Amino acid sequence: MLIDYSSQLHYLWVLMPEAVLSFWAMLVLLVDVFQKGDRSEPSSPMIPWLTLAGIVLAGVANAWTAGLQETSITGVIALDGFRVFSNYLFLLAAALFVLISDRYFREQHMSLGELYVLVMFATVGMMFFAGSRDLMVMFLGLELMSIAVYVLTGLNRRDRKSGEGALKYFLLGAFSSAFFLFGIALVYGGAGTTNLALVSMVVGIDGLGANGMLVAGAALLLTGFAFKVAAVPFHMWTPDAYQGAPAPITAFMAAAVKAAAFAAFLRVFLTALPGLYESWADAVTILAVVTMIGANLVALAQTDVKRMLAYSSIAHAGYLLVALAAGNISGAAAFLFYLVAYTVMTIGAFGVLLAVGREGERRTDLDAYAGLGWERPFLAIAMTVFLLSLAGFPLTAGFIGKVFILRSALESRLAGLAVVLVLTSVVSYYYYLRVAWYMWFRESPSRESHADVHVAPALRFGLAAAAATIILLFVLPGPVLEWAEQSALDLARAPLAAITAGR
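Only a predicted model underlies this, so the values are computations on that prediction, with no experimental measurement involved. (Residues numbered from 1 in each chain as written. Predicted model: local features only at pLDDT ≥ 70, side-chain atom pairs only at ≥ 80, totals over all residues. Heavy atoms only, no water.)

J.: Before we go on, may I ask you to explain the packing of aromatic side chains in this structure?
T.: Applying the stated criterion across every chain, the model contains 29 aromatic pairs. With 5.6 Å between their ring centres and 55° between their planes, Phe 97 and Phe 252 make a pair best called tilted. Within this pair, whereas Phe 97 is found in helix α4 (residues 81-107), its partner Phe 252 is found in helix α11 (residues 247-272), the two being separated by 155 residues in sequence. Like Phe 252, Phe 97 is buried. Cluster of aromatic residues (ring-pair linked, three or more members): Phe 129, Phe 139, Phe 180, Phe 225, Phe 262, Phe 265, Phe 269, Tyr 277, Trp 280 and Phe 335. Directly above the aromatic system of Phe 378 lies the positively charged group of Arg 460, at a separation of 4.7 Å from the ring centroid. (Phe/Tyr/Trp six-rings, centres within 6.5 Å; stacked < 30°, edge-to-face > 60°. Helix = DSSP H or I, 4+ residues; strand = E, 2+ residues; numbered from the N terminus. Buried < 20%, exposed > 50% of the residue type's maximum accessible area, 1.4 Å probe, protein only. Lys NZ or Arg CZ within 6 Å of the ring centre and 35° of its normal.)

J.: Explain the pattern of salt bridges here, please?
T.: If charged atoms from side chains of opposite charge come close, those side chains can pair. Summed over all chains, the structure comprises five salt bridges. With a shortest N-O distance of 3.0 Å, Arg 83 and Glu 18 are connected by a salt bridge. With Arg 83 in helix α4 and Glu 18 in helix α2 (residues 16-35), the pair connects residues that are 65 residues apart, well separated along the chain. Neither residue differs from the other here; Arg 83 and Glu 18 are each classed as buried. Residue Asp 240 pairs with Arg 307 through a salt bridge whose shortest N-O separation is 3.6 Å. With Asp 240 in helix α10 (residues 238-244) and Arg 307 in helix α13 (residues 305-326), this pair connects stretches of sequence that are 67 residues apart. The exposure class assigned to Asp 240 is partly exposed, which follows from its relative accessible area of 23%. Assessed through its relative accessible area of 18%, Arg 307 is described here as buried. Shared partners join several salt bridges into a network, and the residues in it are Glu 164, Lys 168, Asp 240 and Arg 307. (Salt bridge = Lys/Arg side-chain N within 4 Å of Asp/Glu carboxyl O.)

J.: Is there a simple way to think about the nonpolar core in this case?
T.: What tends to happen in soluble globular proteins is that the nonpolar side chains get buried as a cluster. In this structure, Phe 129 and Tyr 369 are the most contacted members of the largest nonpolar core, which totals 181 residues. With sequence-adjacent residues up to four places away left out, Tyr 369 is seen in contact with Val 305, Leu 353, Val 356, Met 383, Val 435, Tyr 438, Met 439 and His 450. (Core = buried A, V, L, I, M, F, W, Y, C linked by side-chain atoms within 4.5 Å. Contact = heavy atoms within 4.5 Å.)

J.: Would you take a moment to explain the packing of α13 against helix α18 (residues 415-441) for this structure?
T.: Geometry of a packed helix pair, given as the angle between the helix axes and the separation of the axes. The geometry of α13 relative to α18 is characterised by a closest axis approach of 11 Å and an angle of 160° between their N-to-C directions. Considering their axes alone, α13 and α18 lie roughly antiparallel with respect to each other. Handedness of the α13/α18 crossing: left-handed. Residue-level contacts link Val 305, Met 308, Ser 312, Ala 315, His 316, Tyr 319, Val 322 and Ala 325 of α13 to Leu 417, Leu 421, Thr 424, Ser 425, Ser 428, Tyr 431, Tyr 432 and Val 435 of α18. Along the lines of polarity and charge, the residues of the contact of α13 with α18 split into 11 nonpolar, five polar and no charged. (Axes fitted to C-alpha atoms, helices over the stretch in contact; angles between N-to-C directions. Parallel < 35°, antiparallel > 145°, perpendicular 65-115°, else oblique. Left-handed = near helix turned anticlockwise from the far one by under 90°. Nonpolar A, V, L, I, M, F, W, Y, C, P; charged D, E, K, R; others polar.)

Take a look at the structure:
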């Protein structure tokens, strides 16, 4: 089917995944309202499964959009392989969230239907954020995603840390949104449009690399994105927000929200501003170096596993920034492949954390993992797989992802950046393997210390699927990498098509 953006009806076909998920979120909200006798009652156990069904339907709609073709590149919503790939990534993260979270929220007496509705709307915001071809629509997606996640962070109103984390996240999130919006204004002033394809056309034809307003706009957009991906030194909100939020929400934030921010980051800078590469590449390189070094060094000192994983997620932002700094097709493909691996292993690690932490996350310190390998081998094996992948050990998806990122950096002659990535990855071995050592080589205080650790069937399935995916992506990385490369090529064609059309 050919999509003509002059027809409003055609936009509905393009936006089918977002429309399906939005409609389903409203349906779930209505079901939740009408099944309750009063507001104090917990939501029905079928709400999470209804949510999962909506995510699957959105995935089907996303597959349908892959068969559509556009007649121009000026539409505000992109219709390319990159959007399809990133949409599946967000839906995967949302599905894993549902699988690991149900029992946790029931034990915490937080079984709220609106929780799952907020997750679905946050996912819709991610789709708009990463799939928009216009900066203003991208901003709307950013705010839809952010507002939903602000509320999710402070969902546990009985926990002071949750409220504190939500407040810090909201204030600094609003601050970063202001940077992003001001950057959009300056880009519009410099290029006369907010459409990414048209911005690239203006830069490519008129050589506006020396245009101060456009460069300043790119700098402010870079700052806004740096906040969202939690790059050092714009990471101040991350540890407190991640530690204060309920563990399943933290997993969703660390994986899905960061993936959406990085996907949008890549789209803007490789689609609209490749002509300004010399202006922003050095800044991204510096951010990558500072983030990799700073986050890994601070993570070394953490004895709380949840906080350690928070700083770990910041370090992984640095690794992804290396792929962005490369500015080539290999870098974009490695970027997408690594996002898949990162999403799975991060949500998996937090899934084990919420099981070991017991009700209310009472135990997130290292001692809680002592002897876990012999008393709860399933959890320990799964956690070991996730930790080894996060560290980048061979036989895991994390290793393959880092190899692809290193290759892209070397292709762009960023050998120094590649060396920093390798050295900081070696540093990370200490705090990842320390948790594994506690699980397998440290005796538990008593034989009953892990007797109250229970794994719900849905959580068990989610952890097993995540661990199997990590191993499978090492054994057979080809199909996902080929898909990522094709998606990156689709992204790269947009500025070339725009320049050709302008000429």
